[in-house]
Amino acid sequence: MTKILVIEDEQDLREEIVDILRFEGFESLGASNGQAGLEMARQFQPDLIVSDIMMPLLDGYGVLLELRSDPRMATIPFLFLTAKAEHTDMRRGMIMGADDYLVKPFRNEELLDAIHARLEQRKLMVKHYEGQIDSLRQAIAQTLPHELRTPITAILGYSMFMVEGWNTMEREKIRHMAESIYRAGTRLSRLVENYLLYAQLELVDVKSEKINRLKKFLATNPAYPASTIRRQTEEKAQEMGRSDDLVLDLDDVSVQVSAEDIRKIAEELVDNAFKFSEPGTPVHIQMKADRQAFYLTVSDQGRGMTQETMDRIAAYVQFDRKIFEQQGAGLGLSIARRLVDLNQGKLTIDSKPDRGTTVQVTFPMI
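Residues numbered from 1 in each chain as written. Predicted model: local features only at pLDDT ≥ 70, side-chain atom pairs only at ≥ 80, totals over all residues. Heavy atoms only, no water.

Novice: How do you make sense of the packing of aromatic side chains when you look at a structure like this?
Specialist: The way to describe two aromatic rings as a pair is by their centre distance and the angle between their planes. Under the definition given, this model contains three aromatic pairs. Seen in terms of ring centroids, Tyr61 and Phe80 are 5.6 Å apart; in terms of plane orientation they differ by 75°. Their pairing is edge-to-face. Within this pair, whereas Tyr61 is found in helix α3 (residues 60-68), its partner Phe80 is found in strand β4 (residues 78-82), the two being separated by 19 residues in sequence. Across this residue pair, the class does not change: Tyr61 and Phe80 are buried. Relative to Phe80, the ring of Phe78 lies with its centre 5.0 Å away and its plane at 80°, an arrangement referred to as edge-to-face. Each member of the pair, Phe78 together with Phe80, is buried. Among the aromatic residues, ring-to-ring pairing joins Tyr61, Phe78 and Phe80 into one connected group. (Phe/Tyr/Trp six-rings, centres within 6.5 Å; stacked < 30°, edge-to-face > 60°. Helix = DSSP H or I, 4+ residues; strand = E, 2+ residues; numbered from the N terminus. Buried < 20%, exposed > 50% of the residue type's maximum accessible area, 1.4 Å probe, protein only.)

Structural data, given as structure tokens:
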């Protein structure tokens, strides 16, 4: 049965709403003030909350703020009841994350229509995310086992040869096998690192106080990432045997983003640029800034993507795998995009089939 919590300090109105909801088949609970309502919400996990604004101990805004900061209750639909019809009061509630509001006095039909609309909206949202989870589960099942087995097979195979034949092998052959084990281990380590990072990023609340504090710190402690990006991209180019293809144009400019986030974004974008372009074609990395924004641009002359492909970009998705064999679980661009979003930036892709791809990351100057 659908549970609805009613938080209202006027006893007669609270009891009337609770009775109406019970008559409609809902399991309804009543709380006489914001503090009591918040405790009941934590205990009973309602499917929807109806709350007055002006209440003792804790007002409706305080209740909403506490709910939206708690991952367990952040998505519960929230309906405000208010005797104030001023636009600013209603607008404040919507900005804070309320889903709807009703101005007192209201008719029973208005209340029920608003409740049914929000519950239906939540049902559609849950269905949407369940579909995404199913798609992600299938993609992981199809992609991740192969990506894990490939380096593990190399590590086990070469190490077995070395253990069994070390006393008869030539030094050069042992060195070759050791290098192969190292490359496979590096690939496996990066895959696990990206998998864990992606999972962590998907759990981050962009509006959390922790991130807000980090923003304030970075605003007064800007990073100068030119040397970091230069080192990261040169190492990546050398790893992929493409050092002669790397073209760097890096201004020594600052950005209000952590050096680690910038490093990871650059790593993933450059990795994709090398991966999806042919040896002997340039990969160009440019970094610059003006008074409005910081810009990081990565361009290649590779196979490019159609608009349909760009619209489908997601974790664990590899495009045209049957035609173009490639390493990786499809996490790189998703991680870069998520890090950009968390830092209030923008990632754009300009790509055309057989004509290359340009990815630009933009961060506003705080």
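Novice: Would you mind showing me how to read the sheet that holds strand β10 (residues 356-364) here?
Specialist: On the basis of which strands lie adjacent, the open sheet formed by five strands has the order β6-β7-β8-β10-β9 and mixed pairing. The open sheet has two edge strands with one neighbour each: β6 (246-250) and β9 (346-352). Each strand of the sheet is rotated relative to its neighbour by a mean of 10°, with strand direction disregarded. (Pairing = 2+ DSSP bridges. Axes fitted to C-alpha atoms, helices over the stretch in contact; angles between N-to-C directions.)

Novice: Explanation requested: helix α8 (residues 226-239) in the structure shown.
Specialist: Along an α-helix, residues three or four apart share an orientation, since each turn contains 3.6 residues. Spanning 14 residues, α8 covers 20 Å between terminal C-alpha atoms, matching the ideal 20 Å at 1.5 Å per step. Listed in full, the buried residues belonging to α8 are Ala226, Thr228, Ile229, Gln232, Thr233, Lys236 and Ala237. End-on, the buried residues of α8 take up no more than an arc of 160°, which puts them together on one face. Facing away from the buried side of α8 by over 90 degrees, the exposed positions are Gln238 and Glu239. (Expected span 1.5 Å × (residues − 1). Arc of directions from axis to C-beta.)

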